[in-house]
Amino acid sequence: MRDSIRVSVESDSEEASVHVHDDAGEVATDGVTFRFSIDGADVTEADTPSDEDTSTRAHEGSDDGERDPRYIAPVTEIPTDSTLRCTAVDGNRTTEIILRRERDAGVFAWRNSCPHKPNVPLDPGDGAIIDDDRIVCHAHGARFECGDGFCTAGPCRGDALDEIDVEVRDSDVYLSDERFAACNLPY
Ligand code: FES
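Presented here is an overview of the structure given in this document. (Residues numbered from 1 in each chain as written. Predicted model: local features only at pLDDT ≥ 70, side-chain atom pairs only at ≥ 80, totals over all residues. Heavy atoms only, no water.)

With respect to the side chain of T80
Alright, step 1. As for its placement among the helices and strands, T80 is situated in the loop between β6 (71–74) and β7 (84–90).
Alright, step 2. Among all residues touching T80, those that are not within four sequence positions of it are R100, R101, R103 and I130. (Helix = DSSP H or I, 4+ residues; strand = E, 2+ residues; numbered from the N terminus. Contact = heavy atoms within 4.5 Å.)

The structure is reproduced here in structure tokens:
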């Protein structure tokens, strides 16, 4: 039995290594598996992802590598039992927004502000309260419909959240509200 050999493969985003005791082995990184033979010292690439897997997605840019400035997140990352925060941008003006996904109705977004006291965020940082499919303000308990943001109970009953337009394309969520030119990634 030969001494072990350490083989490393490095991509832009990660590095993987393996100790090989036999004449052949394999190591995978970024979804690509490299199989190799020690005696022949040849390294071949196997299990190469399909064109679909390796193509650069539109939101990450194509030729220039820049992401779509309106891209927010994959739809699967928008929670159904809480909210995701990000910032919509128009010039020097930024607005914090929250997003929530309803299982059969799509993704909705609103300004992260309670109509009762606009300086109170509905999502203070760890997600808004969702109860019985309604957003509940943590400060005084106002309840808002998750579609149109209409307040059905609490001190601002009859008001509504400021709805922000978003759209889903190819399983990704984008800001589509004309009041904003771009958004920062969720945090
Ligand atoms: S600040 Fe939201 S209900 Fe009072």
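We are not done yet, so read on.
Brief notes about the environment of T76
Alright, step 1. Among the structural elements, T76 can be located in the loop between β6 and β7.
Alright, step 2. Between the C-alpha atoms of T76 and S171, which are 95 residues apart in sequence, the distance is 7.8 Å.

Comments concerning the pattern of salt bridges
Alright, step 1. For the coordinates displayed, the defined rule picks out ten salt bridges.
Alright, step 2. When the shortest N-O distance is used, the salt bridge between R100 and D133 registers 2.8 Å. Separated by 33 residues along the polypeptide, R100 in strand β8 (residues 93–102) and D133 in the loop between β10 (129–131) and β11 (134–136) bring together distant segments of the chain.
Alright, step 3. The salt bridge partner of D162 is R111, with a shortest N-O separation of 2.7 Å. Taken together, the positions of D162 in the loop between β13 (151–153) and β14 (163–164) and R111 in strand β9 (residues 106–111) put the pair 51 residues apart, joining distant regions of the chain.
Alright, step 4. The partly exposed category is assigned to D162, whose relative accessible area is 26%.
Alright, step 5. Judged by relative accessible area, which is 26%, R111 ranks as partly exposed. (Salt bridge = Lys/Arg side-chain N within 4 Å of Asp/Glu carboxyl O. Buried < 20%, exposed > 50% of the residue type's maximum accessible area, 1.4 Å probe, protein only.)

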